[in-house]
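Below are the chains, spelled out letter by letter.
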Amino acid sequence: MVSTSMNHTHVKSSSAGASLDPQRIKQDFPVLQQEINGHPLVYLDSAATSQKPQCVIDAVNHFYTHDNANIHRGVYELSMRATQAYENARATIANFLGASRPEEIIFVRGTTEAINLVAQTFVRDRMGVGDEILVTTMEHHSNIVPWQLLCQQTGAVLKVAPINDAGEIILDAFREKLTKQTKFVAITHASNALGTINPVADMIALAHDKDIPVLLDGAQAAPHLPINVATLGCDFYTISSHKMFGPTGVGALYGRYDLLSDMPPYQGGGDMIRSVTFEQTTYNDVPHIFEAGTPHIAGAIGFAAAAQYILQLGFDKLLTYEKELLDYATKALIAIPEIRIIGTASEKVPVLSFIIEGVHPHYVGTILDQKGIAIRSGHHCAQPIMDRFEIPATVRASLAMYNTKEDIDALAASLKDVLEVFR
Ligand code: PLP
């Protein structure tokens, strides 16, 4: 048994106690302890990337300070430690997603790479001219463009299920789009631009009724909702570490083991092979067959620390607090008559997209930055959803469990200041 010094998934905020204490949680995040432009930083861009708690920073730091070596190949102590830490990270992410075994987790660069991997390995061989891939209007570009590339390669056609004015999927229309030609469904679990949580269990059931496999883009769901891929019954699920308080440059693809076992390799290189000659190469087992080259070892370890951090806070408390915060923020924005919220679904992750009549979103973002408020303006890599609402861009406040009601008050006060300039 290899010994490991990876014993630092220490989390200051404990899950004990009645409710989540955002002030205490904020203390776990060093980057939030600063002033920007003379104001305490109010970070409202967690859907773009989340901040990192000290335990994640420590996990990465610990790896490079004590355990750094390449994995899977060395017979020496450091390499064995690094390998064990990396494989422990895989087991942690499998547990986080409710996968039935660690081998169902493939470490990738993030959701974007995970979707491209599925497109090029699982879906490509199943596609012929006129076959269809079904997505929804509210997809991020990374769940649109890989399918367009696949359509160009195979002659398949990309179909889009529509949404209503609240930003919710129209289930009847989704059902009608599932035709004999539909060979794959790829849908977001939660929308980054609107916040909508899709009724994915129903959508999966409808697709599976017709034997159509389903990929869920979980980039925005994983930081906010408990995910259980077994209960959901999805075939593939994708997440990005950096959206869920972990390092950038790493993420995970969950795939059902029987499906992964039948898939060809994605990229060729070291670690994905069993033996190589110039005449013939045999491939490694799942999941290593899909992880060519040296992976982001420290990133995977930090990713696992982030998943532990969320689990130790407890999803029940997280859900309760974030719902309360989203309600508070929604009321604060609705109280400003010039603001129109884009995306009013009944089930949402804490994302608030809005426009202010007559004020360009980028202008709002720049003024708010002067007050220390980091907020996103633009199309949020979801241009089709902007087209659906016939707007070029929105301002987006995306919240996390380290945001407080005081953060929302600062946002509302600064938005009123913006409006004063235009009166
Ligand atoms: N899907 C959704 C819903 C997203 O919000 C994002 C990023 O914003 C992505 C996919 C792409 O994630 P990444 O850039 O981490 O690959």
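Look above for the structure.
Visitor: I'm lost on empty space enclosed by the protein in this one. Help?
Guide: Gaps left between atoms show up when a probe the size of a water molecule is rolled over them. With the rule as written, the count across this model stands at one cavity of 30 Å³ or more. What lines the largest cavity is a set of 13 residues, and nearest its centre among them are S46, A47, P223, H224 and L399. Taken together, the residues of the lining of the largest cavity sort by class into seven nonpolar, five polar and one charged. Split by domain, the residues of the lining of the largest cavity number at least three in each of domain 1 (22-46 + 314-422) and domain 2 (56-311).

Visitor: It is not clear to me how the packing of aromatic side chains should be interpreted in this structure. Could you clarify?
Guide: Between two aromatic rings, the relevant description is the distance of the centres plus the angle of the planes. Following the criterion strictly, the structure yields twelve aromatic pairs and no others. A ring pair is formed by F107 and F303, whose centres lie 6.3 Å apart and whose planes are at 65°; its orientation type is edge-to-face. Taken together, the residues span a long stretch of sequence, with F107 in strand β4 (residues 105-108) and F303 in helix α10 (residues 297-313) at a distance of 196 residues. With relative accessibility at 7%, the residue F107 sits in the buried group. Within the aromatic cluster, the residues linked to one another by ring pairs are F29, F245, Y309 and Y402. One cation-aromatic arrangement involves R101 over Y257; the distance from NZ or CZ to the ring centre is 3.7 Å. A cation sits over an aromatic face here: R126 above F122, 3.7 Å from the ring centre.

Visitor: Help me out: how do you make sense of the sheet that holds strand β5 (residues 132-136) in this one?
Guide: Note on sheets: strands pair through backbone hydrogen bonds, and any given pair is parallel or antiparallel. Across the sheet, which stays open at both edges, the seven strands sit in the order β4-β10-β9-β8-β7-β5-β6 with mixed pairing between neighbours. The open sheet has two edge strands with one neighbour each: β4 and β6 (157-161). Neighbour-to-neighbour, the strand axes of this sheet turn through a mean angle of 20°, independent of strand direction. Where β4 meets strand β10 (residues 251-255), four bridges bridge the pair, whose relative direction is antiparallel. Among the inter-strand pairings, V108 is bridged to a residue of β10, identified as G251. Most of the contacts of helix α3 (residues 77-97) go to β4, to which it runs at about 115°, and overall it touches β4, β9 (236-240) and β10.

Visitor: I keep staring at the site of the ligand and nothing clicks. Help me out?
Guide: Around the ligand, 13 residues are found, and the nearest of them are T112, D217, Q220, S240 and K243. Contact between the ligand and D217: a nitrogen atom at 2.5 Å from a side-chain N or O atom of the residue. Relative to its unbound accessible surface of 390 Å², the ligand loses 86% to contact with the protein. When its residues are assigned to classes, the shell around the ligand shows one nonpolar, ten polar and two charged.

Visitor: Sorry, what's going on with unusual backbone geometry here?
Guide: The phi angle of most residues is negative, glycine excepted, and most peptide bonds adopt the trans form. Residue P287 is bonded to the preceding V286 through a cis peptide linkage, with omega at 10°. As for its placement among the helices and strands, P287 is situated in the loop between β12 (281-283) and α10. Phi at C381 takes a positive value of approximately 55°, unusual for a residue other than glycine. Its location among the elements puts C381 in the loop between β16 (376-378) and α13 (383-388). Of note in this structure, E390 is not a glycine but carries a positive phi near 55°. As for its position among the elements, E390 is in the loop between α13 and β17 (394-398).

Here is what the cut-offs are and how they apply
- Residues numbered from 1 in each chain as written.
- Predicted model: local features only at pLDDT ≥ 70, side-chain atom pairs only at ≥ 80, totals over all residues.
- Heavy atoms only, no water.
- 1 Å grid on protein atoms, 1.4 Å probe; cavity = no way out; pocket = protein on both sides within 12 Å on 5 of 7 lines; lining within 4 Å.
- Points joined across faces, edges and corners; volume = space filled by probe spheres on them.
- Nonpolar A, V, L, I, M, F, W, Y, C, P; charged D, E, K, R; others polar.
- Domains from an automatic or database assignment.
- Phe/Tyr/Trp six-rings, centres within 6.5 Å; stacked < 30°, edge-to-face > 60°.
- Helix = DSSP H or I, 4+ residues; strand = E, 2+ residues; numbered from the N terminus.
- Buried < 20%, exposed > 50% of the residue type's maximum accessible area, 1.4 Å probe, protein only.
- Lys NZ or Arg CZ within 6 Å of the ring centre and 35° of its normal.
- Pairing = 2+ DSSP bridges.
- Axes fitted to C-alpha atoms, helices over the stretch in contact; angles between N-to-C directions.
- Contact = heavy atoms within 4.5 Å.
- Near = heavy atom within 4 Å.
- Polar contact = N/O pair within 3.5 Å; in protein donor to acceptor, adjacent residues only side chain to side chain.
- Areas by Shrake-Rupley, 256 points an atom, 1.4 Å probe, with all protein chains shown as cover.

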